[in-house]
Amino acid sequence: MGKVALGIAVGIAVASCAMAAVMVGRRVRSRRRWRRVVAVLEELEESCSTSVGRLRQVVDAMAVEMHAGLASEGGSKLKMLLTFVDTLPTGREKGTYYALDLGGTNFRVLRVHLGGDRPAIIGHNIESRPIPQHLMTSTSEDLFDFIASTLKEFVEKEERTSEPSAIQKRELGFTFSFPVKQISVSSGILLKWTKGFSIEDMVGRDVSDCLQQAMSKRGLDVRVAALVNDTVGTLALSHYNDEDTVVAVIIGTGTNACYLERADAIIKCQGLLTTSGVMVVNMEWGNFWSSHLPRTSYDIDLDADSPNPNDQGFEKMISGMYLGDLVRRVILRMSRESDIFGPVSSRLSVPFILRTPLMASMHEDNSPDLSEVARILKDILEIPDVPIKVRKLVVNVCDVVTRRAARLAAAGIVGILKKIGRDGSGGITSGRSSRIGSHGSSKIRRSVVAIEGALYTSYSMFREYLNEALSEILGEEVSPHVILKVTEDGSGIGAALLAASQSSQSPSSVDTVQLL
């Protein structure tokens, strides 16, 4: 009997040891799997590093590229396009002006009434209409006839319900968010369609002329006073409210910037004369590139898979169109390296399935169990039952991608300020000083940067990281004098204000120029 008991005891001991060995083996394998995904995160953090020293290198590169783009056509990845806008709203404009905003499958018409004493936007009315699908591939005549008829209905309705005013010629600011070669402040040639439009007979024609003809055909007496893009409209609206505005940046689904440049600094234009001595330059900064930008393997793959490889490199690192997809690519790599997410979900291979607003929701999830992270992983990526520590890992990935984007955007802004001598250094290419007066101890000039776009206005972590980086780069002496101001509806109200500021000008306040 004793031998039987001993045998049972030995058997139990052996089984226990075997089970313990299995458990230990599982824990070892689990730790190894966890270490692999942690290594992926650490590699990402290192690749996305944006030290102040590195950001200052990006600042210098931006300023140098701006200078090159102003020196010769095609001299830089930055297009540095002339807008022919040399007069911005001052707050003293008076009267009623219209705006038309065409940037996608919807268009808007606006009526803005100005009182002539800042802040004096007495009121504005807006109407939005979808563009019928068939008109997006029809003819230019059909498209603009539809737009003109809608505009006429809007004008007649507004003028029936408003109080009669002194006779004033109706003038309109036209925001046209498609690639255009500007030839004057109020006209430009369409280079190509995007966003689902494909109207062949329109390419190579003057956009404003097409609209003007359609309005005349409808008996609508309105003059296109300004043809602009949304970034220039943002600059105009902010300048209307604050004349210290010198830069405008849009950081949303896409990104761009424009700024006020001295006319004599635009070297690629022979004989450029303006009444004000300055001109708004549309940078198209999404195409900026520098070897100092912290690029990862995920950026390289995203670019290669995009419809426009080797193009818009800066935009692909900082704009809302791409941040969510960068996070998706990192999670996919982690899922392939380890089974911490369970079996690899096929949804992780779907490009852009994780939109940036969803990524922001995960990043800013403050619930104790990160329930929003769990919900998005389950509902969007079909990854259920994710442990809390893995959810925290996902939040960290979102943080790294967002922090890099925001800090690079800040470096881009300081690069513009450096170019025009508003960063405290005097500007490497502008010959101007950011200080008022002839002595170094004089007062630093106040500079306002207008910002529009949901990535900055609605994503608080992105906004905090950008503001933090701006202060770090500029330093404590200069940063209080650089003010970021959120602007809303530059493409609408801003366009109407540009129509107002141009209405008192001669038909062309900028002489004909020749590009070098």
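Owing to the predicted nature of the structure, the values given are computational and were not obtained by experimental measurement. (Residues numbered from 1 in each chain as written. Predicted model: local features only at pLDDT ≥ 70, side-chain atom pairs only at ≥ 80, totals over all residues. Heavy atoms only, no water.)

### Quick word on unusual backbone geometry
Alright, step 1. Phi is positive for E284, close to 50°, though the residue is something other than glycine.
Alright, step 2. With a phi close to 65°, F352 is a non-glycine residue in the positive phi region.
Alright, step 3. F352 sits in the partly exposed class, given a relative accessible area of 34%. (Buried < 20%, exposed > 50% of the residue type's maximum accessible area, 1.4 Å probe, protein only.)

### Points about the confidence of the model for the chain
Alright, step 1. The pLDDT averaged across the chain works out to 87; a share of 86% of its residues lies at or above 70.
Alright, step 2. When pLDDT is averaged over each element of the chain, helix 13 (residues 460-474) comes out on top at 98 and strand 15 (residues 514-515) at the bottom at 46.
Alright, step 3. When the criterion is pLDDT under 50, residues 427-433 qualifies, and its contacts beyond four places in sequence or with other chains add up to 23 contacts.
Alright, step 4. Counting contacts from residues 505-509, a segment whose pLDDT is below 50, to residues more than four positions away or on other chains yields 6 contacts. (pLDDT = per-residue confidence, 0-100. Helix = DSSP H or I, 4+ residues; strand = E, 2+ residues; numbered from the N terminus. Contact = heavy atoms within 4.5 Å.)

### What about the nonpolar core?
Alright, step 1. With 125 residues, the main nonpolar core has Y259, M283, W285, F462 and L466 as its most contacted residues.
Alright, step 2. The element that contributes the greatest number of residues to this core is helix 11 (residues 388-419), accounting for 18 residues.
Alright, step 3. Those residues in contact with F462, other than ones at most four positions away along the chain, are I251, I318, T402, A405, A406, A409, L455 and Y456.
Alright, step 4. Core analysis: the second largest hydrophobic core is formed by 34 residues, L151, C210, V224 and L227 among them. (Core = buried A, V, L, I, M, F, W, Y, C linked by side-chain atoms within 4.5 Å.)

### Topic: a positive patch on the surface
Alright, step 1. Judged by side-chain charge, R31, R32, R35 and R36 come together as a positively charged surface patch.
Alright, step 2. Here R32 is to be found in helix 1 (residues 2-47).
Alright, step 3. Look at R32 and you get partly exposed, because its relative accessible area is 48%. (Patch = residues over 30% accessible without salt bridge, like charges linked within 9 Å, V, L, I, M, F, W, Y side chains within 5 Å. Areas by Shrake-Rupley, 256 points an atom, 1.4 Å probe, with all protein chains shown as cover. Salt bridge = Lys/Arg side-chain N within 4 Å of Asp/Glu carboxyl O. Lys, Arg positive; Asp, Glu negative; His and termini not counted. Charge placed at Lys NZ, Arg CZ, Asp CG, Glu CD.)

### A word on helix 10 (residues 371-379)
Alright, step 1. Within helix 10 the residues assigned to the buried category are V373, A374, I376 and L377. Seen along its axis, helix 10 keeps its buried residues to an arc of 170°; they face one direction.
Alright, step 2. The elements touched by buried residues of helix 10 are helix 9 (356-363) and helix 11. (Arc of directions from axis to C-beta.)

### Quick look at the environment of A405
Alright, step 1. Mapped onto the elements, A405 comes out in helix 11.
Alright, step 2. Remark: the alpha-carbon pair of A405 and M317, spanning 88 residues in sequence, is separated by 6.0 Å.

### Here we look at the pairing of strand 5 (residues 170-176)
Here is the key point about a regular strand: its side chains alternate between the two faces of the sheet.
Alright, step 1. Along strand 5, 6 of the 7 residues are buried, which leaves the element largely enclosed by surrounding structure.
Alright, step 2. Relative to strand 5, strand 2 (residues 94-102) runs parallel, the two sharing 5 bridges. For L102, the partnering residue across the bridge sits in strand 5 and is F176.
Alright, step 3. When strand 5 meets strand 8 (residues 222-228), the two strands line up parallel, connected through 6 bridges. When the bridges of strand 8 are listed, L172 appears paired with V224. (Pairing = 2+ DSSP bridges.)

### With respect to the pattern of salt bridges
For side chains of opposite charge, pairing can occur when their charged atoms come near one another.
Alright, step 1. Enumeration according to the criterion identifies 33 salt bridges in this entry.
Alright, step 2. When the shortest N-O distance is used, the salt bridge between E159 and R170 registers 2.8 Å. With E159 in helix 3 (residues 140-161) and R170 in strand 5, the pair connects residues that are 11 residues apart, well separated along the chain.
Alright, step 3. Note on E159: relative accessible area 34%, which makes it partly exposed.
Alright, step 4. The class of R170 is partly exposed, set by a relative accessible area of 22%.
Alright, step 5. K485 serves as the salt-bridge partner of D242, at 2.8 Å between the closest nitrogen and oxygen. With a gap of 243 residues between them, D242 in the loop between helix 5 (230-241) and strand 9 (245-251) and K485 in strand 14 (residues 482-486) connect regions that are remote in the sequence.
Alright, step 6. For D242, a relative accessible area of 9% gives the class buried.
Alright, step 7. The class for K485 is partly exposed, based on a relative accessible area of 31%.

### Notes on the pairing of strand 2
Alright, step 1. Among the 9 residues that make up strand 2, 8 are buried, leaving the element largely enclosed by the rest of the structure.
Alright, step 2. Here 9 bridges tie strand 2 to strand 3 (residues 106-115), and the two strands are oriented antiparallel to one another. Among the inter-strand pairings, Y97 is bridged to a residue of strand 3, identified as V112.
Alright, step 3. Counted along the chain from strand 2 to the antiparallel partner strand 3, the turn is 3 residues long.

### Focus: the environment of V278
Alright, step 1. Relative to the helices and strands, V278 resides in strand 12 (residues 278-282).
Alright, step 2. With relative accessibility at 24%, the residue V278 sits in the partly exposed group.
Alright, step 3. For the pair V278 and R262, spaced 16 residues apart in sequence, the C-alpha separation works out to 4.4 Å.
Alright, step 4. Beyond its immediate stretch of four places on either side in the chain, V278 contacts D86, L260, E261, R262 and A263.

### Describing the environment of I183
Alright, step 1. As for its placement among the helices and strands, I183 is situated in strand 6 (residues 180-184).
Alright, step 2. Along the backbone, I183 and D206 are 23 residues apart, and their C-alpha atoms lie at a distance of 9.0 Å.
Alright, step 3. Beyond its immediate stretch of four places on either side in the chain, I183 contacts F84, G188, I189 and D206.

### Points about helix 5
Alright, step 1. With 12 residues, helix 5 extends 17 Å between its outermost C-alpha atoms, agreeing within 8% with the 16 Å of an ideal straight helix rising 1.5 Å per residue.
Alright, step 2. Within helix 5, 10 of the 12 residues are buried, which leaves the element mostly enclosed by the surrounding structure.
Alright, step 3. Among the residues of helix 5, T231, V232, G233, T234, L235, A236, L237, S238, H239 and Y240 are the ones counted as buried.
Alright, step 4. Of the residues that open helix 5, the one with a side-chain oxygen 3.1 Å from the backbone nitrogen of T231 is N229. (Expected span 1.5 Å × (residues − 1). Polar contact = N/O pair within 3.5 Å; in protein donor to acceptor, adjacent residues only side chain to side chain.)

### Comments concerning the packing of aromatic side chains
Alright, step 1. Under the defined criterion, the tally for this structure stands at 12 aromatic pairs.
Alright, step 2. A ring pair is formed by F176 and F178, whose centres lie 5.0 Å apart and whose planes are at 50°; its orientation type is tilted.
Alright, step 3. Classification of F176 by relative accessible area gives buried; the value is 3%.
Alright, step 4. With a centroid separation of 5.1 Å and 75° between ring planes, the pair formed by F178 and W193 is classed as edge-to-face. Of this pair, F178 sits in the loop between strand 5 and strand 6 while W193 is found in the loop between strand 7 (187-190) and helix 4 (207-217), placing the two residues 15 residues apart along the sequence. This pair shows no difference in class: F178 is buried, exactly as W193 is. (Phe/Tyr/Trp six-rings, centres within 6.5 Å; stacked < 30°, edge-to-face > 60°.)

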